[in-house]
Number of protein chains: 2
Amino acid sequence: MALTPARTMPGVLELLPLDQIAFQRMLDTIRRNYERFGFLPIETPVIEYSDVLLTKTGGETERQVYFVQSTGALGAAEKGGVPELALRFDLTVPLARYVAEHEHDLSFPFRRYQMQRVYRGERAQRGRFREFYQCDIDVIGKDSLSVRYDAEIPAVIYSVFRDLAIGPFTIQLNNRKLMRGYFENLGIADPERQMLVLREVDKLDKRGPDYVRDTLTGEAFGLSAEAAAKILGFVQVRSTSVAEAFDKLDALGTGSDTFEQGRAELKEVLGLIRDFGVPETHFALNLSIARGLDYYTGTVYETTLNDHPGIGSICSGGRYENLAGQYTKSHLPGVGISIGLTRLYWQLRDAGLVSTAESTVDALVTQMDAAQMPTYLAVAGELRNAGIATEVVLEGGKLGKQFKYADRAGIRFVLVIGEDEIAKGVVTVKDLRREDQFEVSRADLVKALRVELAQAEIGR
Amino acid sequence: MALTPARTMPGVLELLPLDQIAFQRMLDTIRRNYERFGFLPIETPVIEYSDVLLTKTGGETERQVYFVQSTGALGAAEKGGVPELALRFDLTVPLARYVAEHEHDLSFPFRRYQMQRVYRGERAQRGRFREFYQCDIDVIGKDSLSVRYDAEIPAVIYSVFRDLAIGPFTIQLNNRKLMRGYFENLGIADPERQMLVLREVDKLDKRGPDYVRDTLTGEAFGLSAEAAAKILGFVQVRSTSVAEAFDKLDALGTGSDTFEQGRAELKEVLGLIRDFGVPETHFALNLSIARGLDYYTGTVYETTLNDHPGIGSICSGGRYENLAGQYTKSHLPGVGISIGLTRLYWQLRDAGLVSTAESTVDALVTQMDAAQMPTYLAVAGELRNAGIATEVVLEGGKLGKQFKYADRAGIRFVLVIGEDEIAKGVVTVKDLRREDQFEVSRADLVKALRVELAQAEIGR
């Protein structure tokens, strides 16, 4: 029989077990923090009805959707447009559908977290993923949602990235009302045109101020040099403390109602973030942040690693006016963020900030003598019952080979129980990490390994 | 704008948050036990190349595959047969592809667990799922794999279902060699014909012995009444202890090499399962088990709930000769099992064996006075830092409404910090589960809640 080459499509990140463990630990850390802040888990199906998924979007997203057809439905698409089913491309649209569908069974404010994979038919390219994890939280209000929730989100972000321990980071905030109001002051009142200006401004980091100034004063926008300068001054506002943020916000002068509302919101949010216990070193005003998505209406967030600005935002989101207008007449304002963990993990690994994990297997019971198998199994059972992940060598073979296996597999403790040990009622423990070994009585084995593992946990 | 009805396709199980928590706890329990036995995690992409997925299978599976096409590729299938991409329909084929693809980076025996969703284009029907979780473990050897691993698998099954605490269960074992050998003795030597007989025998539980006897002695098989009786006697062998199993296996008489090999394997496996510490009440010989899949070659397992035989097997699998012959020339024997958790959860809930979980949120800090927000946030921060999942009411509103929210959301502790409490430096804790309340100083709050939560953990 001819062999089929074993391969996966480009744009997926498939990991070897020890890398998978490292990835899983990041997922667990995120989940733990989301739960600590009182967010509830949901999972939605990967496959949604196409008309549900594609109500709102258009353009780029629609071109990137993966459609799904069961064998019987193949070809049916040609008759009536797009196939009936598609894979979700984010977790926000499924959340909107979920909240609209289960509205009467949910308590509001509805605080949900969701950590699942999403699918986009991206062109194959380094660092572009067609399948990737998103780890989202959102708080959804019914009719209204206090701006205080906008301050809770950065507290969660802080807690997550503190625990992920991938280096210093800054949560950067802006407010779309402040931006819009500021533009109105400059005579850019048309929302469509504001959006276009915001899109140009969004290129500031990539293209630089000269490019943006030229575009804004050029034919397409026709702004005065003064207006362009004011916009560029605005978007370059940064802060290093809450007091400085307040000063800089005050220095922007007075403005329209929208502007004043945005400023008031930003001030309240900045003050509350501090009350939430987030150190002032870890959040800042950044008036250049606009976020690509059109539906953010108030606070917007980006988070960057101080030492790796090139990685870009590792956690973004904001406040939106109405989550599920396409599915329900209920008014559902919300605020949320998303961590694209697959890309983040890939970038961190690339930058040497995460490495292959130690194995989840703590101990390997070697096989000196197959006749002693009942003893080996009993020892392994004791360890497992104590929560120590243990593998037993069932296949046999030379002891050297068994040690090599443990070493390669990243297992820390190798247990040897030979004739001598059995006669003395002890176990020889080789600690491959410390390159050390000790003898311990069977009765004290669990305790001894627990102590060592607890120390490793503290040191982690 | 016309509203799009918010809905999901039939055959998916989407849960409300408290049910999702119950489901997640089951996933966590399974994961913990898989890890305790030294299995390593992997995850594979949902989307695989169609030619990789469909090398081996045919018939039913192929008809149930969901094909995937990005927008640009729509219609391309009509030109060249099936689309290039498809969703995995199990975790075994992706495992085979994974091991073949990463063979040189893996240590053997390769012990992996994988808990992900799979997709089948089933007809819409109660209890039939188009998207469902499989929780698999497999041990894959290179060239060979000791039959001792066949005994480890039931030890894992025992550990998982003991911890899931869904009632008494029995792991039932058979061996395909024993079966085949027994049939050879009866003159049914052709493997094809054996398979057909096994398929009939597999209907014993559903159709009863008379139906099977009639079929075997009828035109299609033409077996003698004696042969049919022997087969029926064979498949009705059960045991209640290892000693009884040995006796019943010995009573089968002598047979071909294959038969003797099967008997020897079964005896070794049964003895070792006991050495692994599995109580004899929880595993048994059941010579009717054949398993539908054609590729099992030795030990086969099914697990049933003693009090709910109607649910059928909740965990099945077995030993196979060669995992990945379609992708690699390496000989990779293995043994493994799968838990179809979505269906199991659904059945357990249907039978009243799992209920909605308590919330993952332990405490709600109410809002008596918005001016005290910094205090509320500080208290919540202290609780969260101590690992106590805490939500703060940021929206305000009447206290009664806040309590109602906690009650409906399944949050156990409601914390009240009003003027009195602030003056006295205390917190009033209402325990909604015990319908009790107590006052505790701010300094002792964390300790008090920890004690209560630890007691709840023990009682769970």
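Residues numbered from 1 in each chain as written. Chains lettered and ligands numbered in written order. Predicted model: local features only at pLDDT ≥ 70, side-chain atom pairs only at ≥ 80, totals over all residues. Heavy atoms only, no water.

Engineer: Pulling in residues and values, what's your account of the relation of the copies chain A and chain B?
Structural biologist: It takes a turn of 180° to lay chain A on chain B, together with a shift of 0.0 Å along the axis; the resulting RMSD is 0.0 Å. Such a combination of turn and shift is consistent with a two-fold rotation axis. In terms of proximity to the rotation axis, the leading residue of chain A is A:Val68, whose C-alpha is 2.3 Å off the axis. Looking at the interface residues of chain A, 100% of them are also at the interface in chain B, so both copies use one shared face. (Least-squares fit on C-alpha atoms with pLDDT ≥ 70 in both. Contact = heavy atoms within 4.5 Å.)

Engineer: Any chance you could break down the packing of aromatic side chains for me, citing the residues and the numbers?
Structural biologist: The geometry of an aromatic ring pair is captured by two quantities: the separation of the ring centres and the angle between the planes. Residues and elements named next belong to chain A. Applying the stated criterion to the full structure yields 24 aromatic pairs over all chains. With a centroid separation of 5.4 Å and 80° between ring planes, the pair formed by phenylalanine 23 and tyrosine 345 is classed as edge-to-face. Residue phenylalanine 23 is found in helix H1 (residues 17-36), and its partner tyrosine 345 is found in helix H14 (residues 341-350); the two are separated by 322 residues along the sequence. When its relative accessible area of 3% is taken as the criterion, phenylalanine 23 is described as buried. Where tyrosine 182 meets phenylalanine 234, the ring centres are 4.3 Å apart and the plane angle is 20°; that geometry is what we call stacked. Pair noted here: tyrosine 182 is in helix H7 (residues 176-185) and phenylalanine 234 is in helix H11 (residues 225-235), with a separation of 52 residues, a long-range link. Across the pair, phenylalanine 234 and tyrosine 182 agree in class, each one buried. (Phe/Tyr/Trp six-rings, centres within 6.5 Å; stacked < 30°, edge-to-face > 60°. Helix = DSSP H or I, 4+ residues; strand = E, 2+ residues; numbered from the N terminus. Buried < 20%, exposed > 50% of the residue type's maximum accessible area, 1.4 Å probe, protein only.)

Engineer: Which residues make up the interface of chain A and chain B, and what values go with them?
Structural biologist: Opposite the 109 residues of chain A that make contact, chain B presents 109 residues. Interface of chain A and chain B: buried area, both sides summed, is about 9300 Å²; carbon and sulfur atoms make up 57% of it. When the buried surface of chain A facing chain B is broken down by residue, A:Glu14, A:Glu43 and A:Leu394 rank first, second and third, together holding 7% of it. Taken together, chain A and chain B are joined by ten salt bridges. Seen at the junction of chain A and chain B, the total is 36 residue pairs in polar contact (both at pLDDT 80 or more). In terms of residues, the side of chain A that touches chain B owes the most to one element, H1(A), which gives seven residues. Residues belonging to the side of chain A that touches chain B are distributed by class as follows: 56 nonpolar, 27 polar and 26 charged. With five bridges connecting them, strand E3 (residues 66-70) of chain A and strand E3 (residues 66-70) of chain B associate as antiparallel partners. (Buried area = accessible area lost by both parts, 1.4 Å probe. Salt bridge = Lys/Arg side-chain N within 4 Å of Asp/Glu carboxyl O. Polar contact = N/O pair within 3.5 Å; in protein donor to acceptor, adjacent residues only side chain to side chain. Nonpolar A, V, L, I, M, F, W, Y, C, P; charged D, E, K, R; others polar. Pairing = 2+ DSSP bridges.)

Engineer: Can you break down the domain arrangement of chain A residue by residue, with the values?
Structural biologist: By domain assignment, chain A separates into domain 1 (168-292) and domain 2 (363-459). A separation of 60 Å is found between the C-alpha centroids of domain 1 of chain A and domain 2 of chain A. (Domains from an automatic or database assignment.)

Engineer: How would you summarise the packing of helix H12 (residues 242-250) of chain A against helix H13 (residues 257-275) of chain A if you had to cite specific residues and measurements?
Structural biologist: Residue and element names in this part refer to chain A. Axis separation between H12 and H13 bottoms out at 10 Å; the angle between their running directions is 175°. Relative to H13, H12 is oriented roughly antiparallel. Each of Val242, Ala245, Phe246, Leu249 and Asp250 in H12 lies in contact with H13, whose residues at this interface are Arg263, Leu266, Lys267, Leu270 and Arg274. Looking at the contact of H12 with H13, its residues break down into six nonpolar, no polar and four charged. (Axes fitted to C-alpha atoms, helices over the stretch in contact; angles between N-to-C directions. Parallel < 35°, antiparallel > 145°, perpendicular 65-115°, else oblique.)

Engineer: So, the environment of B:Asp362: which residues are in play, and what are the values?
Structural biologist: Residues and elements named next belong to chain B. By the element assignment, aspartate 362 lies in the loop between helix H14 (341-350) and strand E12 (363-365). Exposure remark for aspartate 362: the relative accessible area of 18% places this residue in the buried category. It is 37 Å that separates the C-alpha atoms of aspartate 362 and serine 316, two residues lying 46 residues apart in sequence. Setting aside residues no more than four positions away along its own chain, aspartate 362 makes contact with Gly387, Ile388, Ala389, Ile411, Arg412, Phe413 and Leu453.

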